[in-house]
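Residues per chain are reported as follows:
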Amino acid sequence: MPTTLAALAHSDGPGLNTRTARLLIALVRVGVAFLWIQNSYWKVPPRFGEGSTPPEGLYQFTRYAVDYPVFAPYAWLVEHVVLPNFIVFAWATLLVEACIGAFLLVGLATRFWALVGAAQSLVITLSVLRAPNEWHWAYYLMILAHLALFAVAAGRAGGLDGVLRPVWRSSDGRLAPLLLRAS
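The text that follows walks through the structure, step by step, so that each part is easy to find.

The rules behind these values
Residues numbered from 1 in each chain as written. Predicted model: local features only at pLDDT ≥ 70, side-chain atom pairs only at ≥ 80, totals over all residues. Heavy atoms only, no water. Helix = DSSP H or I, 4+ residues; strand = E, 2+ residues; numbered from the N terminus. Expected span 1.5 Å × (residues − 1). Buried < 20%, exposed > 50% of the residue type's maximum accessible area, 1.4 Å probe, protein only. Arc of directions from axis to C-beta. Contact = heavy atoms within 4.5 Å. 1 Å grid on protein atoms, 1.4 Å probe; cavity = no way out; pocket = protein on both sides within 12 Å on 5 of 7 lines; lining within 4 Å. Points joined across faces, edges and corners; volume = space filled by probe spheres on them. Nonpolar A, V, L, I, M, F, W, Y, C, P; charged D, E, K, R; others polar.

Let's talk about helix α7 (residues 136-151)
Its 16 residues place the ends of α7 23 Å apart at the C-alpha level, agreeing with the 22 Å of an ideal helix rising 1.5 Å per residue. Every buried residue of α7 is accounted for by Y139, M142, I143, H146 and L149. Viewed along the axis of α7, the buried residues span an arc of 125°, placing them on a single side of the element. Check the buried side of α7 and you find it contacts α2 (19-38), α5 (86-106) and α6 (110-128). Following α7 by one or two positions, A153 has its phi on the positive side, about 50°.

Okay, structure coming up:
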């Protein structure tokens with residue numbers, strides 16, 4: 001049994017091969033999925049908060065990128081591209097976030113959706129990091145949680161990725177290699 005930190009760092013350890021580890025990874029994946037699903041409820045079509053006085057909903061949080069800039073090029077992009085075309089971006093946001101939640105929930109193409117979740121979390125971070133009453137660690141933790149789900153291929157633990165990978169591996173179809181990588 002390893003007794004030093006160096007020995008522990010180089011040992012295989014139990015990894016994700018234990019039932020407990022796989023259960024915990026599945027629970028984290030489902031928890032992150034519910035985070036996205038729950039947070040889609042306040043993205044209310046058809047206006048998504050645009051035109052409200054004061055601004056509210058998704059429009060308000062998108063405006064924060066301009067009102068409280070984190071990264072000047074991103075603030076410029078939001079002001080000159082996103083806000084003038086807000087409804088298109090709002091529908092895309094709702095669709096992407098609902099897909100992140102749904103695919104992570106069932107554990108399908110989890111590595112792909114974990115990367116999309118990390119990217120979307122970064123976009124959110126760039127929009128609201130300096131806004132009043134925001135806890136910056138929430139956004140850092142969202143990014144890190146998605147990167148962890150990617151790293152451990154979380155859909156293979158209690159998700160459809162784990163069930164379907166043998167089928168994809170034995171398939172001659174064009175989509176199979178892509179699905180293997182996404183899982």
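Some points on the layout of surface pockets
Volume-wise, the largest pocket comes out at about 590 Å³. Along its surface, the largest pocket is lined by 27 residues, and L58, T93, E97, Q120 and I124 are the ones closest to its centre. The element best represented in the lining of the largest pocket is α5, accounting for 7 residues. Looking at the lining of the largest pocket residue by residue, the class counts come to 19 nonpolar, 5 polar and 3 charged.

Everything listed here is a matter of coordinates, which is why it stays silent on function.
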